[in-house]
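# Coordinate analysis (summary)
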Amino acid sequence: MYDVAIIGAGVVGGMIARKLSAYQLKICILEKEHDVAMGATKANSAIVHAGFDAKEGSLKAKLNVQGSVMMEQVAKELGVKYKNNGSLVIGFDDADRQTLAELYTRGKSNGVKDLQLLGAEEVHKLEPALSSKVVCALYAPTGAIICPYELTVAAIGNAMDNGAELKCDFEVTDIQKTDEGYQLVSGKETVSARYVINCAGLYTDRIASMIGDDSFSVHPRRGEYLLMDRECGTLVSHTVFRTPSKMGKGILVSPTVDGNLLLGPTSVDMEDKEDKETTAEGFAHIIREANENVDGIPMGKTITSFCGLRAVGSTGDFIITAPETGFIHVAGIESPGLSASPAISEYVADMLKEQGLSLKENPDYNPNRKSAYAFREASLEEKNRMIKENPAYGRVVCRCETVTEGEILDAIRTNPKAKDLDGVKRRTRAQMGRCQGGFCGPYITELLAKEMGIPYEGVTKFGGESMINVGVTKEGK
Amino acid sequence: MTDLVIIGGGPAGMSAAVAAYEAGIRDILILERDSALGGILQQCIHNGFGLHRFGEELTGPEYAWKYEKKVRELEIPFKLDTMVLDITPDKVITATNSEDGIFQIQAKAIILAMGCRERAKGALNIAGSRPAGIYSAGTAQKYVNMKGYMPGKNVVILGSGDIGLIMARRMTLEGAKVHAVCELMPYSGGLARNIEQCLNDFDIPLKLSHTVVKIHGKERVSGVTIAQVDAGRKPIAGTEEFIPCDTLLLSVGLIPENELSKSAEVELSPITSGAVVDQDRQTSVPGIFACGNVLHVHDLVDFVSQEAEIAGASAAAYIRGEQGEAVSIPLETDGIIRYTVPQILTAKKDVTVYFRVADVYKNVKIKVLDGGREVLTKKRQKVAPGEMESITLKQEQLEGVKRLRLELEVL
């Protein structure tokens, strides 16, 4: 019997797990996929929003501004890259100027610090690569960038180091209420918990209906992205948004904490919660608008494209509610969910306390986690000491991103352990560079097979039937 | 201080090392990131290598061994599993391996021989899902030939580069079904002999002016949609065809790997993606030379070896301080001829100029012009982007020449 079961190992579930692991609680995170951070968490704009977007008085506004303030410290404790690069919302005409003034007022009222409205000259000075057609901007110096799956892996790893458990490939298909709490069923396996937190992203409505709650629904909204080579990462230094319109927020151009350049997202309402396909129209849209915002984007330097599905709730705001004592929904966490996630975790902890869960501090709690980038960020002497101690740090496996065998083995051995090629990629950046794993894929496959004690052809890209190899050659037999 | 450091122990690096040794240099070090010498030839177990150079058909490993044997006999030092992290313009090399940790070497001369990599799927923006089962042809070749595993059983290949053609045959021989090779262009980028021996001999259809417009499948590829493209290379609506398959191999171009050249501030050509070099294969940074696929992508390893020998011998001359009378004759092209290597002549001596054309042309005249004057002309029955061409200029033809221009005239 767990004290708390968290359904969904995305950034929201992860941050809640970490928060709760500071208390004397038996926690279990249940994830339907083979790894953590597999839903909206792994494919979004990777922005810590300042908080001027959400409507005054909404939960989105409140938790965004709080979360954005907390994020730097959280990132520091978890050893996660965080860059306070500032955001610019650019305008092209008087109508945009008007909207930006409204956003400025809204931001002020939401409690966003240091907002400024800029004229043409100021904004071009601040961000020289902007299109000459840009005439005004809203500048939010508190805007920042972070890697959402790095944050989630770290938060869940930290929660696990502090005692939380993680069950992957555990898709909750039924929930039974018992005298002591709930039984969560996945196939033949059952997990019992006194409290359940529903952070199942796109499937939070399905989980809710398992306890007879049909008060909200969640639908997917597609967002496609293009990721450019690290050569392009310095083209802009700020996150460049367009002025929002009836058509949505438009295509942003942003550096990432890893030094790439990110373009996107498109915004298309969908029905199928599993349809993460990119489209030719989407690519064309991204390219057209990105080129309107910023001059000189070298589109030939695209290294990958991907699609994420935002979990859009039916109320327009975050849905963080308790339909009954012992059950909490954390649903409809679309943008600014990543930014809000640290604040959401505190909000949920408070709700649990109100429901009578005793939150006694865990005396062994350690908020800090060793950075997955400890080796690459070390000094030359420190690196040489580490190589001497563990020669695997001297062997470069991923040439494009300079990732060593030691770092890959760390990712396979550290909570939450990487179990497939994509898991290694998200934890180490190996295979994430310009060759996209062409050179290092076969070797990482070997490391995974050896470490996990499985056959070479048993290694997958991301679990399930995503086999890398489907058999052996004639000679291999 | 080391006289000559060679970055890369593939065919280019090894040939360059042997040539520099034979030109009298003894203080040589080859740095190789893989655990063996030979570079990509290690996984090219098919034959056809060495016809020009040795007059016999060798496999990739056999060809590589000819040079590795020499390197070993001459006791030219090399470090394996050693990755070069940085090169400065004043030729300080930073590298890492398990034994030495991170270390630095000051070189008198450097030869860049890092080879190339395959263009990845990301650069193509193919719509659809991102399941397992999409590999570059070279990666698939590594799984099959080096690891003994089959990355798929039902295959579609996008791009008709040589590795793609070779893998079409290789996968077929291993019992896989290759349904089609799609090529965006109206002609193949591969060698004519590979189309004959790897596709036609196995009845594998080559679909010219076709591309993959969508990838299907959630966990593993379940199929691809292909379509015909128009003259502007845009898919033609209504020509879509779904092919069920579990694997998509990409052979859509090779890109010289010049990240280290950039750190050394070597000037790169936007057309070749390799260094701009003179007849000695010396780059814009004195004492840094380049050869092989890091300089420009070759069709045949025989020409890589030849080019590397020029670089090796020239690096030796540089180390000894032998520099001839300095001239500067730029080599321009008309765009129909896409590029030349070398791009500039800095000494008056016999020189073979290698070049590639932008499209397929029949019955052409290649003209080397000095202003309006024809220095040299040559006729060719057929030229194609997939086959590298060359033209040799004699020292005396360079007398009084200020700049040269290569033009192609269709007769």
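Along each chain, residues carry numbers from 1 onward, in the same order as the chain's sequence is written. Chains carry letters and ligands carry numbers; both start at the beginning, A for chains and 1 for ligands, and go up in the order they are written. In keeping with the model being predicted, local features are shown solely for residues with a pLDDT of at least 70 and side-chain atom pairs are shown and tallied solely at 80 or more, while totals for entire chains, interfaces and linings include all residues. For side-chain calculations, the full set of non-hydrogen atoms in the structure is used, while hydrogens and water are omitted.

Turning next to the interface of chain B and chain A. Each partner contributes to the interface: chain B provides 46 residues, whereas chain A provides 51 residues. Buried surface at the junction of chain B and chain A, both sides included, amounts to about 4,100 Å², of which 54% is carbon and sulfur. Salt bridges are identified by distance alone: a Lys or Arg side-chain nitrogen within 4 Å of an Asp or Glu carboxyl oxygen. Remark: the boundary between chain B and chain A carries 4 salt bridges. E446 of chain A is the salt-bridge partner of K147 of chain B, the closest N and O atoms lying 2.4 Å from each other. Pairing of N or O atoms within 3.5 Å defines a polar contact, subject to two protein rules: one partner must be a possible hydrogen donor and the other a possible acceptor, and residues neighboring in sequence count only if both atoms are side-chain atoms. At the surface where chain B touches chain A, the tally comes to 21 residue pairs in polar contact (both at pLDDT 80 or more). The element that contributes the greatest number of residues to the side of chain B that touches chain A is helix 4 (residues 137–147) of chain B, accounting for 5 residues. We call two residues in contact whenever any of their non-hydrogen atoms come within 4.5 Å of each other. Here the quantity called buried area is the total loss of accessible area, with a 1.4 Å probe, experienced by two parts when brought into contact, counted for both. Every helix listed is a DSSP run of H or I at least four residues long, and every strand listed is a run of E at least two residues long, numbered separately from the N terminus.

Here we come to the sheet that holds strand 17 (residues 223–228) of chain B. All names here are of chain B. One requirement defines pairing of two strands: DSSP has to find at least two bridges between them. Pairing is mixed in the open sheet, where 4 strands are placed in the order 10-16-17-18. The open sheet is flanked by strand 10 (127–128) and strand 18 (241–244), the only strands paired with a single partner. Two elements, strand 16 (residues 210–216) and strand 17, share 6 bridges in a ladder whose sense is antiparallel. Residue pairing for strand 17: H216 is matched across the bridge by G223.

Quick look at helix 5 (residues 148–161) of chain A now. Residue and element names in this part refer to chain A. Multiplying one less than the number of residues by 1.5 Å gives the expected span of a helix. With 14 residues, helix 5 should cover 20 Å at 1.5 Å per step; its first-to-last C-alpha distance of 20 Å lies within 8% of that length. Most of helix 5 is tucked away: 13 of the 14 residues are buried. At the C-terminal side of helix 5, G163 shows a positive phi close to 110 degrees. Only protein chains enter the accessibility calculation, which uses a 1.4 Å probe; a residue is then buried when its area is under 20% of its type maximum, exposed when over 50%, and partly exposed in between.

Turning our attention to the pattern of salt bridges. Applying the stated rule across the entire model yields 57 salt bridges over all chains. Of the charged contacts, one joins K66 of chain B and E56 of chain B as a salt bridge, the two residues approaching to 3.2 Å between their closest N and O atoms. One end of the pair, K66 of chain B, is in helix 3 (residues 60–73); the other, E56 of chain B, is in the loop between helix 2 (51–54) and strand 4 (58–59), and 10 residues separate them in sequence. Judged by its relative accessible area of 33%, K66 of chain B falls in the partly exposed class. Note that E407 of chain B is salt-bridged to R405 of chain B, the shortest N-O span being 2.7 Å. Residues joined in a network through salt bridges with shared partners are D229, E231, K301 and R434 of chain A together with R33, R117, E257, E259 and K262 of chain B.

Residues and elements named next belong to chain B. Boundaries between domains were set according to an automatic or database domain assignment. Each assigned domain of chain B is listed with its residue range as follows: domain 1 (1–118 + 254–323), domain 2 (120–252) and domain 3 (326–411). Here the C-alpha centroids of domain 1 and domain 2 sit 31 Å apart. If you look at the interface, domain 1 gives 11 residues, while domain 2 gives 16 residues. Summing the contributions of domain 1 and of domain 2, the shared interface buries around 1,100 Å²; its carbon and sulfur component is 50%. Across the domain 1-domain 2 interface, the total number found is 0 salt bridges. Joining domain 1 to domain 2, the criterion identifies 8 residue pairs in polar contact (both at pLDDT 80 or more). Across the side of domain 1 that touches domain 2, the residue classes break down as 5 nonpolar, 4 polar and 2 charged. Under the grouping applied here, Gly and all other residues not named as nonpolar or charged are polar, the nonpolar ones being Ala, Val, Leu, Ile, Met, Phe, Trp, Tyr, Cys and Pro and the charged ones Asp, Glu, Lys and Arg.

What follows deals with the environment of S186 of chain A. Residue and element names in this part refer to chain A. Positionally, S186 belongs in strand 11 (residues 182–186). In this structure, the C-alpha to C-alpha distance between S186 and K32, residues 154 residues apart in sequence, is 9.0 Å. For S186, the residues in contact, after removing those within four places along its chain, are D169, F170, E171, V172 and T173.

All names here are of chain A. Here the domain parsing of chain A yields domain 1 (1–81 + 144–217 + 314–370), domain 2 (87–141 + 219–310) and domain 3 (374–458). One C-alpha centre belongs to domain 2, the other to domain 3, and the line joining them spans 32 Å. Counting from both sides, the interface comprises 6 residues of domain 2 and, opposite them, 7 residues of domain 3. Of the roughly 570 Å² buried between domain 2 and domain 3 on both sides combined, carbon and sulfur atoms contribute 34%.

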